[in-house]
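# Residue-level structural notes
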Amino acid sequence: MKFFIDTAEVSEIKALIPSGMVDGVTTNPSLIAKSGRNILEVIKEICALVDGPVSAEVTATTAKDMVTEGEFLFGLASNVCVKIPMTWDGLEATNALAAKGIPVNVTLCFSAAQALLAAKAGAAFISPFIGRLDDNGLDGLELIEEIRTVYDNYGYETEILAASIRSIGHMKDCALIGADVATAPPSVIRKMAGHVLTDQGLAAFLADWKKTGQSIL
Ligand code: G3P
């Protein structure tokens, strides 16, 4: 499963790169607002750091304007993936951009029916927001399972990019179900490395090692 980092904080992305966990980055207008930075500067900076796809979201609401914004964003760097909301205009824009060879991540997906439309429109990625479904008493992981089945039934190449991830459990379950990508905040990815038994085991190994009086170097 590929890991994308869901942030517009350049320093956090930079800090994760040496671990090999950064296959791409996703941003959205809220994350750009939180960074307090100019979208064009941030996207260019992230694209220069990361080899994989970097999602930059359009803010227009008509198909025509989404295409214009999408083309402009794609012109910033060759690894920009244009993020487009799951609306009818968004589907038309996705279809138009995909026809020009511009990769699109269809975002704000909350149903398998929406995911089917996005695949037919030619989206490179579909972003089901699992945490927001859970927040509303629904089952985000069930949606990932449904989309996996639909896409596998017909051989759609659109990648399932599980988004709105809140926990280690979400990451593990997305991998078990077969999501192609999961995008998560840096804090969730870092937490995945932790386990109380790892901490206890390491403390015991180091204590025993100290008793030997040896050093490897
Ligand atoms: O990539 C979409 C994601 O950022 C949404 O996450 O936590 O705002 O629901 P959240």
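The paragraphs below set out a description of the structure included in this document. (Residues numbered from 1 in each chain as written. Predicted model: local features only at pLDDT ≥ 70, side-chain atom pairs only at ≥ 80, totals over all residues. Heavy atoms only, no water.)

### Topic: the pairing of strand β6 (residues 125-128)
Rule in force here: Residue exposure (1.4 Å probe, protein chains only): buried if accessible area is under 20% of the type maximum, exposed if over 50%, otherwise partly exposed. Numbering of helices and strands runs from the N terminus, with a helix taken as a DSSP run of H or I at least four residues long and a strand as a DSSP run of E at least two residues long. The criterion for strand pairing is that DSSP finds at least two bridges linking the strands in question.
Taking every second residue as pointing to the same face, both faces of β6 are buried, with F125 and S127 on one and I126 and P128 on the other. The sheet contact formed by strand β5 (residues 104-109) and β6 spans three bridges and is parallel. Looking at the pairing, C109 lines up with P128 of β6. Of the pairings in the sheet, the one linking β6 to strand β7 (residues 159-162) comprises two bridges and is parallel in character. Bridging across to β7, I126 finds its partner in I160.

### Observations concerning the sheet that holds strand β2 (residues 24-26)
What counts is decided by this rule: All axes are obtained by fitting lines to C-alpha atoms, using only the stretch in contact for helices, and the reported angles, taken between N-to-C directions, cover 0 to 180 degrees.
Strand order around the closed barrel formed by eight strands is β1-β2-β3-β4-β5-β6-β7-β8, with parallel pairing between neighbours. Direction aside, the axes of adjacent strands within the sheet are offset by 30° on average. Here strand β1 (residues 2-6) runs beside strand β8 (residues 181-184); their pairing, made up of four bridges, is parallel. In the sheet register, F4 faces β8, and the bridge partner there is T183.

### Let's talk about a negative patch on the surface
The condition is simple: Like-charged residues within 9 Å of one another, or nonpolar side chains (Val, Leu, Ile, Met, Phe, Trp, Tyr) within 5 Å, are grouped into patches, provided each residue has over 30% relative accessible area and no salt bridge. Per-residue and other accessible areas were derived by the Shrake-Rupley procedure at a 1.4 Å probe size, with only the shown protein chains allowed to occlude residues. Counted as salt bridges are all cases of a side-chain nitrogen of Lys or Arg within 4 Å of a carboxyl oxygen of Asp or Glu. When charges are counted, Lys and Arg contribute as positive and Asp and Glu as negative, whereas His and the chain ends are disregarded. Think of each charge as sitting on NZ of Lys, CZ of Arg, CG of Asp or CD of Glu.
Negative charge collects at one region of the surface, where D134, D139, E142, E145 and E146 lie side by side. Element by element, the count of residues in the negative patch is highest for helix α8 (residues 140-154), at three residues. Mapped onto the elements, D134 comes out in helix α7 (residues 130-135).

### As for the environment of F110
Let me state the cut-off plainly: In this analysis, two residues are considered to be in contact whenever any of their non-hydrogen atoms come within 4.5 Å of each other.
Here F110 shows up in the loop between β5 and α6 (112-121). On the accessibility criterion, F110 (33% relative accessible area) is partly exposed. Not counting chain neighbours up to four residues away, the residues in contact with F110 comprise F129, R132, L133 and L143.

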